[in-house]
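Overview (structure and organization)
Residues per chain are reported as follows:
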Amino acid sequence: MFLSFSLFATALLTASIESRNANFFLGLLFFAIGTFDLLHTIFYKGMPFAEGEFFGNRATWFWVVARLTESVGVGIAVTFPLKVITRPRSIGLVTALISVGFISSIVILRQDWLPVFLDDENGMTKMKVFLEYVICAIIFVVPSPYFWNIGNRRSLMYFG
């Protein structure tokens, strides 16, 4: 969480001198990831907010949402570094805040709308395991073109 919020703060504080939209997009992305990870921690079993019928499932949902946000968001930033538009940057920040708030409110307030990822009796469900594999596949596939073109410095130039 600390790393996610540090990347967000760096992107926010350097936005006026940094011209690359992809870096600001990554900062907003890690703000969302850090927020979902924080909520995952807050709703974890044994924490004061972990009460009610869906407490384990709620924390698991925040973990899955954070990992999906991370894998898809980094995939977008790496695949389309020049196409990521977050100008004006205040609109990007407001969009990130609204998106995180909307997703978080669904996970917190409307657990009955979401499939169960963690059953108290049987543990993780097949749906959660499947999503884990999807997340791992995205994380593995996204950087593969960079490894194939490692000799071409221009393909690595955007993040170096």
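Check the entry above for the structure.
Residues numbered from 1 in each chain as written. Predicted model: local features only at pLDDT ≥ 70, side-chain atom pairs only at ≥ 80, totals over all residues. Heavy atoms only, no water.

What follows concerns the environment of Val 134. Relative to the helices and strands, Val 134 resides in helix 5 (residues 126-141). Looking at Val 134, the relative accessible area reads 28%, which means it is partly exposed. C-alpha separation for the pair Val 134 and Ser 71, spaced 63 residues apart in sequence, amounts to 9.5 Å. (Helix = DSSP H or I, 4+ residues; strand = E, 2+ residues; numbered from the N terminus. Buried < 20%, exposed > 50% of the residue type's maximum accessible area, 1.4 Å probe, protein only.)

What follows concerns the packing of helix 1 (residues 2-13) against helix 2 (residues 21-42). The geometry of helix 1 relative to helix 2 is characterised by a closest axis approach of 7 Å and an angle of 145 degrees between their N-to-C directions. Judged by the sense of rotation from one axis to the other, the crossing of helix 1 with helix 2 is left-handed. Together, Ser 4, Phe 5, Leu 7, Phe 8, Ala 11 and Leu 12 of helix 1 and Asn 23, Phe 24, Gly 27, Leu 28, Phe 30, Phe 31, Ile 33, Gly 34 and Thr 35 of helix 2 make up the contact between the two elements. Partitioned by chemical class, the residues of the contact of helix 1 with helix 2 number 10 nonpolar, five polar and no charged. (Axes fitted to C-alpha atoms, helices over the stretch in contact; angles between N-to-C directions. Left-handed = near helix turned anticlockwise from the far one by under 90°. Contact = heavy atoms within 4.5 Å. Nonpolar A, V, L, I, M, F, W, Y, C, P; charged D, E, K, R; others polar.)

As a further point, take the packing of aromatic side chains. Counted according to the given criterion, the structure contains five aromatic pairs. On the numbers, 5.8 Å between centres and 20 degrees between planes, the contact of Phe 43 with Phe 62 is stacked. Of this pair, Phe 43 sits in the loop between helix 2 and helix 3 (55-79) while Phe 62 is found in helix 3, placing the two residues 19 residues apart along the sequence. Of the residues examined, Phe 43 reaches a relative accessible area of 9% and is grouped as buried. Here Phe 62 falls in the buried class, since its relative accessible area comes to 0%. Centre to centre, the rings of Trp 61 and Phe 117 are 4.3 Å apart; their planes meet at 15 degrees, and the pair counts as stacked. In this pair, Trp 61 sits in helix 3 while Phe 117 sits in the loop between helix 4 (89-109) and strand 1 (118-119), placing the two residues 56 residues apart along the sequence. (Phe/Tyr/Trp six-rings, centres within 6.5 Å; stacked < 30°, edge-to-face > 60°.)

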